[in-house]
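These are the residues of each chain, in order.
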Amino acid sequence: MIMMNFDFYDIYSVIVFFRNYPQYEKNFIIAEKVKSVLDQLQVDNYISMNVVRAALREIDGIDKDYFNWIYTDNIYTYGHCVIHEDLAYKILSESFSELLICLKNNEHDRFADLSYALHNVPIILTEYPKKSKNKIKTEISSYRKKWNKAFLKKFI
């Protein structure tokens, strides 16, 4: 799926939530929803907005105090851009796969460390597409050292 920069900012917000609340009981379903959005095939030229928000709205019992922002759609007429870079979607999809592995294995410390390492990645992919590989490599270096040396190696 092709997304807008504001959808990437929503992914940033999700990862920051993970970083702050690594043991929240709905983290797995939240991560699954975001990954499913990232992995959807683009079948036409139409670009939907607010796809992350729409997916998160489907989760029963999601914390409405923290996730109150998902109930208001972005309707900006200025400052939006389409993220065309296929690599951006691959990096984020692989990152959410890794997050899901941590959650599935009840590795909350690893999940928290990964969330900390990843929280700036959606912003980097949006704001610095030409310099993203080096910046992301720096962001995830401590996670790689501690938990998974091969993490995102095939992309950066």
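Just above sits the structure.
Structural notes, computed from the coordinates.

What counts and how
Residues numbered from 1 in each chain as written. Predicted model: local features only at pLDDT ≥ 70, side-chain atom pairs only at ≥ 80, totals over all residues. Heavy atoms only, no water. Helix = DSSP H or I, 4+ residues; strand = E, 2+ residues; numbered from the N terminus. Rg over C-alpha atoms; globule rule 2.2 N^0.38 Å. Buried < 20%, exposed > 50% of the residue type's maximum accessible area, 1.4 Å probe, protein only. Contact = heavy atoms within 4.5 Å. Areas by Shrake-Rupley, 256 points an atom, 1.4 Å probe, with all protein chains shown as cover. Salt bridge = Lys/Arg side-chain N within 4 Å of Asp/Glu carboxyl O. Axes fitted to C-alpha atoms, helices over the stretch in contact; angles between N-to-C directions. Parallel < 35°, antiparallel > 145°, perpendicular 65-115°, else oblique. Left-handed = near helix turned anticlockwise from the far one by under 90°. Nonpolar A, V, L, I, M, F, W, Y, C, P; charged D, E, K, R; others polar. Core = buried A, V, L, I, M, F, W, Y, C linked by side-chain atoms within 4.5 Å.

Looking at the overall build of the protein
- Summing up its helical and strand segments, the protein has 7 helices and 2 strands in all.
- Across the protein, helices and strands are ordered from the amino to the carboxyl terminus as β-α-α-α-β-α-α-α-α.
- Over its C-alpha trace the protein gives a radius of gyration of 15 Å, about what one expects of a compact globule, namely 15 Å for 156 residues.
- Referenced to the eigenvectors of the C-alpha coordinate spread, the extents of the protein come out at roughly 40 × 40 × 25 Å.
- A total of 156 residues make up the protein; the buried ones form 47% of that total.
- Contacts in the protein between residues far apart in sequence, at least 24 positions, make up 68% of those at least 6 positions apart.
- A total accessible area of about 8,600 Å² is found for the protein, and carbon and sulfur atoms account for 50% of it.

Describing the pattern of salt bridges
- Scanning the entire structure with this criterion turns up 9 salt bridges.
- Lys35 is the partner of Asp39 in a salt bridge, and the nearest nitrogen-oxygen pair spans 2.5 Å. Of the two residues, Asp39 and Lys35 are both situated in helix H2 (residues 27-39); the distance of 4 residues between them amounts to about one turn of the helix.
- The partly exposed category is assigned to Asp39, whose relative accessible area is 39%.
- The residue Asp73 makes a salt bridge to Arg57 at a minimum N-O spacing of 2.2 Å. In this pair, Asp73 sits in the loop between helix H3 (51-57) and strand S2 (82-83) while Arg57 sits in helix H3, placing the two residues 16 residues apart along the sequence.
- Residue Asp73 is classed as partly exposed on the basis of its relative accessible area of 37%.
- One salt-bridge network, held together by shared partners, links Glu98, Glu107 and Arg110.

Some details on the packing of H2 against helix H4 (residues 86-104)
- Two elements in contact, H2 and H4, have axes whose closest approach is 9 Å; the angle formed by their N-to-C orientations is 155°. The orientation of H2 with respect to H4, classified from their angle, is roughly antiparallel. Handedness of the crossing formed by H2 with H4: left-handed. Note on element contacts: H4 touches H2 through Tyr89, Leu92, Ser93, Phe96, Ser97, Leu100, Leu103 and Lys104, opposite Asn27, Phe28, Ala31, Glu32, Val34, Lys35, Leu38 and Asp39.
- A breakdown of the residues in the contact of H2 with H4 according to their chemical character gives 9 nonpolar, 3 polar and 4 charged.

Considerations on the environment of Leu92
- Mapped onto the elements of the fold, Leu92 is located in helix H4.
- What makes Leu92 buried here is its relative accessible area of 1%.
- When sequence neighbours within four positions are dropped, the list of residues in contact with Leu92 reads Phe8, Ile11, Leu38, Val121, Pro122 and Leu125.

As for the nonpolar core
- Core analysis: the biggest nonpolar cluster contains 47 residues, and Met3, Ile11, Phe18, Ile30, Leu56, Phe96 and Ile136 have the highest contact counts within it.
- Of all the secondary-structure elements, those providing two or more residues to this core are helix H1 (5-20), H2, H3, H4, helix H5 (108-118), helix H6 (121-127) and helix H7 (132-146).
- Take this core: its biggest share by element is 9 residues, from H4.
- Apart from residues no more than four positions distant in its own chain, Ile136 is found in contact with Ile91, Val121, Ile124, Leu125, Leu152 and Ile156.

Some points on H5
- Buried within H5 are the following residues: Arg110, Phe111, Ala112, Leu114, Ser115, Ala117 and Leu118.
- In this structure, the buried residues of H5 make contact with H1, H2, H4, H6 and H7.

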